[in-house]
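# Summary of the model geometry
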Amino acid sequence: MQAGDPAAGATMAGAQSRSEDEELLGVKDVKRTATQAFGISVPKRRSSSRSIKRKKFDDELVESSLVKSSSRVKGPPVIEPVRCPGSEPSSSEKKKVTKSGMALTLPLSMVVNPAPITKRVKKSKQPLHITKDLGRWKPSDDLLLINAVLQTTDLTSVHLGVKFSCRFTLREVKERWYALLYDPVISKLAWQAMRQLHPEAIAAIQSKALFSQAEEGLLANIGSTSQPKLDVFQELLSKHPGVFHPSRTPKSLLVHWQLLKQYYLLDDQSVQPLPKGDQVLNFSDAEQMVDDVKLKESRDEVLEHELMISDRHQKKEIRQLEQELPRWQVLVDSITGMSMPDFDNQTLAALRGRMVRYLMRSREITLGRATKDKPIDVDLSLEGPAWKISRKQGIIKLKNNGDFFIANEGRRPIYIDGRPVLSGNKWKLNNNSVVEIAGLRFVFLINLELISLIKAEAAKMTPQ
């Protein structure tokens, strides 16, 4: 080829322009495919593959959602070999690049540093539960623990001196303190819970803070023989504001100073050591050394005279009440309706209950629960529920000397004036004796006039 040929130069210029157009088309295709591969939004034309459009059913909605989610998952990008800038591709390779959109040759910068894919992270709308996983430890306990450790720097002293909401062991106190220090989750939860405490509750907790050694040292300097007032402790607080806890008051300092004095912990106090000998004085030895004569109180003659006069007055009042008892008995009888009945000449005694009154007109009568097969003299079922009473519960008998006796023939005891009479035993009945049988109470009343006549006749009949 000659250099001065104009036709050859025109053909070479046309070939170069065609190659530049093909390179521009290839670059555009590469950009389009790159935007599709790395998620850059490109407006697309929406089309449907179905012939007839209709509403989707529930199962189709689920399937389509699954298809969409599967279509969003993309595999790793395919990296094609990159050519060096010195070597130019052939014309056949350029045609393949322009025609096919699948086999792409990406720039080196886009292959090495792909664009980051941003993912949206859903924020949880649920509020953070502050008291979650706190267990038995309450916010007040955590605040007490922190204040006490800052004051004493000793977990054993904290365990012995601080009163928490519940009983914790020394191991639990240590584990909680280490968790507050080194566990970020527990520390964050406890801090948020303590911030929600009421200011009054925080002030009350801080007022219970333990005393540090520096504070007790300043209080111990005050003499035990002196009687300091609140002004002394107020001056102490003003002189040493950095030593004392901010919640300290003069009154709290006074109370703690009194405790130190009580347990001989002040600087001018000393505890007497125990004797170094073999024999140590115990309580029994000390009790024997005490003189009983010195413990006796001295006689107070004035007091003894007053006690004697009051005793005399009380005895006099009791005697007057005993004399007035018959008159009060008549009043009580008239009010309650329990007055003495008008006995006739045939009635020896009467057994009065709350509902029924039984008259005894023979020397011997039987008590119990009457049945069709076995009649009885005194049917106690007329007074009340008698299902616990035996058919033949007891016998009341008048002896020749005018004394009444009751014999228990049933299984349950009979109570005479509160004394039980067991089965097979008997007891003497007096006037106004209270007879109780299975919850039913009766009063035994004696016709004293008729009984006195019977006793007189019995005395005449006895031989001299």
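Predicted, not measured: the structure shown is a model, and the values here were computed from it. (Residues numbered from 1 in each chain as written. Predicted model: local features only at pLDDT ≥ 70, side-chain atom pairs only at ≥ 80, totals over all residues. Heavy atoms only, no water.)

### A short note on the sheet that holds strand β9 (residues 426–429)
Strand order across the open sheet formed by five strands is β4-β3-β5-β6-β9, with mixed pairing between neighbours. Unpaired on one side and paired on the other, β4 (378–379) and β9 mark the two borders of the sheet. Where strand β3 (residues 364–368) and strand β5 (residues 394–398) come together, four bridges link them in antiparallel fashion. Pairing of Ile-365 across the sheet is with Ile-396, part of β5. (Pairing = 2+ DSSP bridges. Helix = DSSP H or I, 4+ residues; strand = E, 2+ residues; numbered from the N terminus.)

### Structural notes on the pairing of strand β6 (residues 404–408)
On a regular strand, each side chain points to the face opposite its neighbour's, so the side chains alternate between the two faces of the sheet. On β6, burial follows the alternation: Phe-404, Ile-406 and Asn-408 on one face are buried, whereas Phe-405 and Ala-407 on the facing-out side are not. Note: β5 against β6, five bridges, orientation antiparallel. The residue of β6 that forms the bridge with Leu-398 is Phe-404. Between the end of β5 and the start of β6, which pair antiparallel, lie five residues, with Gly-402 showing a positive phi angle near 90°. (Buried < 20%, exposed > 50% of the residue type's maximum accessible area, 1.4 Å probe, protein only.)

### Concerning the nonpolar core
Core analysis: the largest hydrophobic core is formed by 28 residues, its most contacted members being Ile-396, Phe-404, Val-435 and Phe-444. A per-element tally of this core places strand β11 (residues 440–446) first, with four residues. If we skip the residues at most four places from it in the chain, Ile-396 touches Met-360, Arg-363, Glu-364, Ile-365, Leu-367, Phe-404, Phe-405, Ile-406, Leu-429 and Phe-444. Among the nonpolar cores identified, the runner-up in size contains 18 residues, and Leu-144, Ala-148, Val-149 and Leu-210 belong to it. (Core = buried A, V, L, I, M, F, W, Y, C linked by side-chain atoms within 4.5 Å. Contact = heavy atoms within 4.5 Å.)

### Details of the sheet that holds strand β10 (residues 433–437)
What the six strands build is an open sheet, ordered β2-β1-β11-β10-β7-β8; its pairing is antiparallel. The outermost strands of the open sheet, each flanked by one partner alone, are β2 (357–360) and β8 (419–421). Here the strands of the sheet are splayed against their neighbours by 25° on average, with no regard to which way each runs. Where strand β7 (residues 414–416) lies against β8, three bridges are found, and the strand directions are antiparallel. (Axes fitted to C-alpha atoms, helices over the stretch in contact; angles between N-to-C directions.)

### Quick notes on the packing of helix α7 (residues 170–182) against helix α8 (residues 184–195)
At a closest axis distance of 6 Å, the pairing of α7 and α8 adopts a crossing angle of 95°. Overall, the two elements α7 and α8 adopt an arrangement that is roughly perpendicular. Counted together, Arg-176, Ala-179, Leu-180 and Tyr-182 of α7 and Pro-184, Ile-186, Ser-187 and Ala-190 of α8 form the full contact between these two elements. When its residues are assigned to classes, the contact of α7 with α8 shows six nonpolar, one polar and one charged. (Parallel < 35°, antiparallel > 145°, perpendicular 65-115°, else oblique. Nonpolar A, V, L, I, M, F, W, Y, C, P; charged D, E, K, R; others polar.)

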